[in-house]
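The chain contents come next:
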Amino acid sequence: MALLGLSAGGIAENIIEDVGEKIQPGVVKEFMSQLPGKALDLGLRILLGVVFFLIGVNLIKFIRRIIRDSMKRANVELGVIQFADSFIKATLYVILVMLLASSFGLDAASVVAVLGSAGVAIGLAVQGSLSNLAGGVLILALKPFKVGDYIKESYSSQEGTVTEIQIFYTKLLTPDNQTVILPNGNLANNSLVNVTTQEARRMDISVGIAYSADLKRAKDVLMQVLLEDEAVLKEKDMLVFVDELADSSVKLGVRCWFRQEDFWKGKWRVTENCKYRLDENGIEIAFQQLDVHLDKKEKGL
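Anyway, here's the lowdown on the structure attached to this text. Everything numeric here is computed off the predicted structure, so don't read it as measured data. (Residues numbered from 1 in each chain as written. Predicted model: local features only at pLDDT ≥ 70, side-chain atom pairs only at ≥ 80, totals over all residues. Heavy atoms only, no water.)

## Here's the deal with the overall build of the chain
Here's step 1: Helix and strand counts for the chain come out as nine helices and eight strands.
Here's step 2: Within the chain, counting contacts between residues at least 6 apart in sequence, those at least 24 apart form 62% of the total.
Here's step 3: With the model as given, the accessible surface of the chain reaches about 20700 Å², and the carbon-plus-sulfur share is 61%. (Helix = DSSP H or I, 4+ residues; strand = E, 2+ residues; numbered from the N terminus. Contact = heavy atoms within 4.5 Å. Areas by Shrake-Rupley, 256 points an atom, 1.4 Å probe, with all protein chains shown as cover.)

## A look at the packing of aromatic side chains
Here's step 1: A full pass over the atoms with the stated rule returns two aromatic pairs.
Here's step 2: Aromatic side chains Phe263 and Trp264 sit 5.1 Å apart centroid to centroid with 80 degrees between the ring planes, which places their arrangement in the edge-to-face category.
Here's step 3: Centroid distance Trp264 to Trp268: 6.1 Å. Interplanar angle 40 degrees. Geometry classified as tilted. With Trp264 and Trp268 both in helix H9 (residues 263-280) and four residues apart, the pair spans about one turn of that helix.
Here's step 4: Owing to a relative accessible area of 55%, Trp268 belongs among the exposed residues under this scheme. (Phe/Tyr/Trp six-rings, centres within 6.5 Å; stacked < 30°, edge-to-face > 60°. Buried < 20%, exposed > 50% of the residue type's maximum accessible area, 1.4 Å probe, protein only.)

## Comments concerning a nonpolar patch on the surface
Here's step 1: Taken together, the side chains of Leu44, Leu47, Val51 and Ile55 present a nonpolar region at the surface, about 360 Å² in accessible area.
Here's step 2: Structurally, the position occupied by Val51 is in helix H2 (residues 25-73).
Here's step 3: The exposure class of Val51 is partly exposed, given its relative accessible area of 40%. (Patch = residues over 30% accessible without salt bridge, like charges linked within 9 Å, V, L, I, M, F, W, Y side chains within 5 Å. Salt bridge = Lys/Arg side-chain N within 4 Å of Asp/Glu carboxyl O.)

## Regarding the pattern of salt bridges
Here's step 1: Here the structure, examined in full by the defined rule, presents twelve salt bridges.
Here's step 2: Asp85 is paired through a salt bridge with Arg68; the nearest N and O atoms lie 3.0 Å apart. With Asp85 in helix H3 (residues 78-103) and Arg68 in helix H2, this residue pair connects regions lying 17 residues apart in the sequence.
Here's step 3: When its relative accessible area of 14% is taken as the criterion, Asp85 is described as buried.

## Here we look at the state of the cysteines
Here's step 1: Tallied over the entire structure, the rule returns zero disulfides.
Here's step 2: Here Cys256 stays unpaired: no disulfide links it, and the sulfur of Cys274, its closest cysteine neighbor, is 8.8 Å away.
Here's step 3: Assessed through its relative accessible area of 2%, Cys274 is described here as buried. (Disulfide = S-S within 2.5 Å.)

Following this line, the structure appears as structure tokens:
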């Protein structure tokens, strides 16, 4: 009750007196005398920590190089090597940081306990990364594609040659030399087309000729183009067929097979040669046209 009777100024004076009694001049003097030594000790710890970190970084690079070389000598698939390398890198860096924290007096067991108690929150925060990690493991286990394959994925409609399979992401190189980085989770959970799984790939082009053109001769000319092309696989089907009777042309389908590495150059070459041969034989390639009929009616006066 006596405390309630004191004014605010009186309470403040009492607090200052108590603090003054506890903090003696000798304590402050002792703290100031120890400050240079503590600062020097902290500076040395920081310096040693930096040196230890640089040594650890170079040691991690050395370990990764040894593991990569060992896996290459064992003829391990390139995608597995890249995934394992990125996983080992992340793990070793976590260990390095934990060791550095311990050198500054932070107990690693305490850190692990705190992380364990906050596991739910951390899991929610990194669930996307965990999904990508799981997707990378599935890709390596099920092997829907490997490094060097040309794929088309449906999630973002990207396509290109697989160059790297990392722990969280896969890198594609597009035909126009751009690098596309895709999350492994999306690749594992959505449909994709692996173009290079098979050794041979079918080519289909469409050629529209005029209705007045000699249909049989046109088919013979186009078949001759396929027979004369060295890259066309002769042991597989080669077809020239009427695909559609369109409004302004007869659409002929030209079908053959190429090896994967010859596909695009072969398709461009065959398409060009079809035009040349049809022109040489006087066969008109039709174009879109519209016939307009006008009826004149005389009006009586």
